[in-house]
Amino acid sequence: MGRETEVQALACAVSRREHSVVFLVGDIGVGKTRLADEAVTRVGPEAGTVLRLSATPAAASLPLGAFAPLLPYLDVPDAMLLPSARDALLAGHAGGRLVLLVDDAHNLDSASAVLTHQLTLTGKVVALVIARSGDRLPDALTPLWKDERALRLRLEPLPEEDMEDLIAQALPGRTGATVLRELRQLSAGSPLILRELISYAAGTGSLRLDGDRGWVLERPLTVPPYLLDMVVGERVKGLSRQANLALRLVALSEPLGYRLLCEMAGEEALRDLEDRRLVEVRRHELRREVRLTHPLLGEAVLGVSTFERRRLLVTLADAVVRTGMRRHADLARVADWWLQAGEVVDPDMLARAAAISVNARDSSSAVRLAWAAKAMDGGVRARLLLGHALAGQGRAEEAESVLATAMTRADLPHDLAAIGIVRSENLLSGLEAGERAAQVAAETAAGVAGSDWADEVTAHEARLRLLRGESEAAFALTAPLLRSRDPRTFTLAALTEATALTWDARPESCLELMERAVPLYARAIDGGLVQWAPHMDDVVRVVSLSFVGRLSEAEALAVRVWRECHRRYLVVGMALAALCRGHIALSRGRPRTARRWLRRSAELYGAALPSRRRWPLALLLEAEVYSGSRAAARDVAAELKTAASGPVRNLAGMERIALAWLVAAEGRIPHAESQLLAVAETSGASGARTVAVEALHTLARLGRGAVALPLMRNLRPAVEGPFMTAKLDMIEAAAHHDPTALSEAGAAFDAMGAALLAAEAWAESSRCYARRGERRSATRMREQAWSALRSCEQARTPMVTFTQTTSRTMTDREREVALLAAEGLPSKQIAERLHLSRRTVDNYLQQCYRKLGINRREQIKALMAGAVG
């Protein structure tokens, strides 16, 4: 998984003769041997005979110890040992080229290393040398590494996304967020370590399958001793006292400042840790930080007594205090260390530290610090922070209990505003109590009326209205706030306004507003609690960029947001970023990629905000329809219909569009048509014109452009951006059967990276040219459509079906009948669905057979698969 590029590169190197040696280097457990075996297997017999040898420390003391299983008994003088071994190997395989696969080459004895070198010089052998990163190769192999005919491939740890896919395969069904996070972090991209962790946890009962909860951890995940020894091995043995101290300090507090660690343990100790590849020094902004090279190292070195752990924590805290705690996060770290060490900490310091942790999205530390501040009677502020941190962990009921009490004790407008905002957000998103959230927001607004905090409460109320699908009400509330000179008020209002503009088919206006708001966003965050998902400014830009048609930019930004949220394991941020990546993949016509991200988004939302799981499920349904998997699409539709439905309903129209796709795929085109028209009418009237455009464009994609035309003309004056304009252009061109305009719409889609939409427009253009008898133009458009489809992961929609195979283009009605016949429906059922007579259906089928060059309905399904495959 996730190694296709490397497999192809390795297979190519083994099968061709321009390389005499290939080095495959990587950390333990990343899959080097498995990759090499896969590459050799793919090449097959043409690569030559494969000889495998595995070097071990035990055999390293024996001359030719690694080659011993491959060699006959050699009764020759020592001076003739190497040439005799070389001749024996080559003579035994005189028929062709040899592939010598050398595993764990860093353990080779000197004679085996020399023999490997000599074999590659014969021109008959290609050596595939596998070695562990950081371990020294035998001297005889060093010239091969430098040789210009050598290929050097470094195998990096698997990306986190692929590791999570592996976890999903190893643990089928639902996997709890804690399980996923622990396994991902401890395995650090190593499939071998992941396998051992899962096996050990399942064997000891720590990990088990628990009904609806899925895979859960009954106890904290522990690492088997043999795995620690395998990964850490000799590297921690023989450490000096100071190096051991430095390693434990880093394990307790990473990242730790380079200068601070040198002062506490000495530069020589740090150098020793670097040489042993136990720590690495990275530059973060203007500061150098020290981190462990592998998370398992923390497990290996922190098995200390409670007393020793407490001593180390106090030592760390005191050292940072002596520096003057110049960094913003230092206060939170020191307070947390003292708290964990059992020291008495001032409640005001705990509250300030909790606020820093909350704003840094470190909910675990925030809960710990805020709870301690509350226990020491830290006042309303401590309760506010605790409620916010609990809400951030998805503990909505606990958060409501704490926040409700805090609200009754709030005397100052600032405290009331902050508590009301956090509480109403938790009620809406966490407990999904929309009416109660609106009531709390109204009470808060009344309580702070006339104060400096009134505008911020209004900005939050606008956001709640937007999430509930009340776009016009949100616009009315944000309009005066956008004239505010207060950066915080302006930024919070701008985020809501920009989101509303995007869904009102005005993404270019959204981007213009975000250009002004983004520079102020960091200051707004620093000013205190902000009830927005992580990186919401970036997410708003991702969505608007995708609707403008700048899909490559949108995708790059979505990847960055995903990685940042994934690094800190911000579940809601990850869910939103995965949703964006799935939506962009769908826009680009890549249903398989979209399925992967949308399923992940649905899982993450299911763990954090269940009702918002409907968002990715709606797009997932559409992706399954594109993939041609009716059964999977029906399963997703059933899942969508039974999914929790909460007060957040601003994307309800997208759900109805997705369901219409399934209805159309099942051949009930008139029913789908009525659904889409209803969505377009209601969305256009409620400030969700983007959804209306999507509904009308879907109608055109189903061959109903003429029906969409009147509503499209009403929308066009309010629509911005080349992507949505191209959709409107396609609707009009399809309605008028204008092949030139359809060709231009396809070119516009293609330039934006929307390959499937381009293929559909060109396919329809081809049909229109064919109807006019312009065969050359029809062929050109059909070839362009087919070329675009090659990057669409075998997507299939009504407009592109039969594109390649049809020489004389079918009418829309003929295509409808053919699609239903391909599904296996008899003529009688087709007639009932399309409100036709059975004889009319049979006549249409005969026309289809004639145009497709076939003579029975069973051939239609195979023809469809060939058209898109």
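This text goes with the structure placed above it.
All values reported here derive from a predicted model rather than from experimental measurement.

(A) Region of the structure containing the packing of helix H6 (residues 160-170) against helix H8 (residues 191-204). Put simply, H6 and H8 touch, their axes get as near as 11 Å, and they point 35 degrees apart. In this structure, H6 crosses over H8, and the sense of that crossing is right-handed. Along the contact surface, H6 presents Met163, Leu166, Ile167 and Ala170, while H8 presents Pro191, Leu194 and Ile198. A per-class count over the contact of H6 with H8 returns seven nonpolar, no polar and no charged.

(B) Just the nonpolar core, in detail. Ranked by size, the top nonpolar core spans 240 residues in total, and within it Leu183, Leu621 and Phe749 carry the most contacts. The element that contributes the greatest number of residues to this core is helix H28 (residues 571-587), accounting for 11 residues. Listed in part, the 31 residues of the second largest apolar core include Phe23, Ala66, Leu100 and Ala105.

(C) Quick look at the pattern of salt bridges. Here the structure, examined in full by the defined rule, presents 49 salt bridges. Here arginine 34 and glutamate 38 are joined by a salt bridge, their closest N and O atoms 3.4 Å apart. Of the two residues, arginine 34 and glutamate 38 both sit in helix H2 (residues 32-43), four residues apart, roughly one turn of that helix. Exposure remark for arginine 34: the relative accessible area of 53% places this residue in the exposed category. In this structure, arginine 276 engages aspartate 272 in a salt bridge whose closest nitrogen and oxygen atoms are separated by 3.1 Å.

(D) Here's a closer look at the sheet that holds strand S8 (residues 256-257). Taken together, the three strands give an open sheet; going across it, the order is S8-S10-S9, and neighbouring strands pair in antiparallel fashion. With one partner strand each, in any of the chains shown, S8 and strand S9 (279-284) form the two edges of the open sheet. Across six bridges, S9 lies against strand S10 (residues 287-292) in antiparallel orientation. For glutamate 280, the partnering residue across the bridge sits in S10 and is arginine 291.

(E) Spotlight on the pairing of strand S3 (residues 98-103). By the criterion of burial, S3 is predominantly enclosed, with six of the six residues buried. Pairing of strand S2 (residues 49-54) with S3, which is carried by six bridges, proceeds in the parallel orientation. Directly across from serine 54, in S3, lies its bridge partner aspartate 103. Handedness of the crossover joining S3 and strand S4 (residues 125-132) through helix H4 (residues 110-121): right-handed.

(F) Quick peek at the sheet that holds S4. Ordered by their spatial adjacency, five strands build an open sheet running S2-S3-S4-S1-S5, and the pairing between neighbours is parallel. Among the strands making up the open sheet, the edge pair consists of S2 and strand S5 (150-155). Put simply, the sheet's adjacent strands are angled 15 degrees from each other on average, direction ignored. For strand S1 (residues 21-26) and S4, the ladder comprises six bridges, and the chain directions are parallel. For leucine 24, the partnering residue across the bridge sits in S4 and is isoleucine 130. Sitting on the sheet, H2 touches S1, S2, S3, S4 and S5, and the angle it makes with S4 is about 160 degrees. Where H4 meets the sheet, its contacts fall on S3 and S4, and the angle it forms with S4 comes to roughly 145 degrees.

Procedures and definitions
Residues numbered from 1 in each chain as written. Predicted model: local features only at pLDDT ≥ 70, side-chain atom pairs only at ≥ 80, totals over all residues. Heavy atoms only, no water. Axes fitted to C-alpha atoms, helices over the stretch in contact; angles between N-to-C directions. Helix = DSSP H or I, 4+ residues; strand = E, 2+ residues; numbered from the N terminus. Left-handed = near helix turned anticlockwise from the far one by under 90°. Contact = heavy atoms within 4.5 Å. Nonpolar A, V, L, I, M, F, W, Y, C, P; charged D, E, K, R; others polar. Core = buried A, V, L, I, M, F, W, Y, C linked by side-chain atoms within 4.5 Å. Buried < 20%, exposed > 50% of the residue type's maximum accessible area, 1.4 Å probe, protein only. Salt bridge = Lys/Arg side-chain N within 4 Å of Asp/Glu carboxyl O. Pairing = 2+ DSSP bridges. Right-handed = clockwise from strand over helix to strand, strands pointing away.

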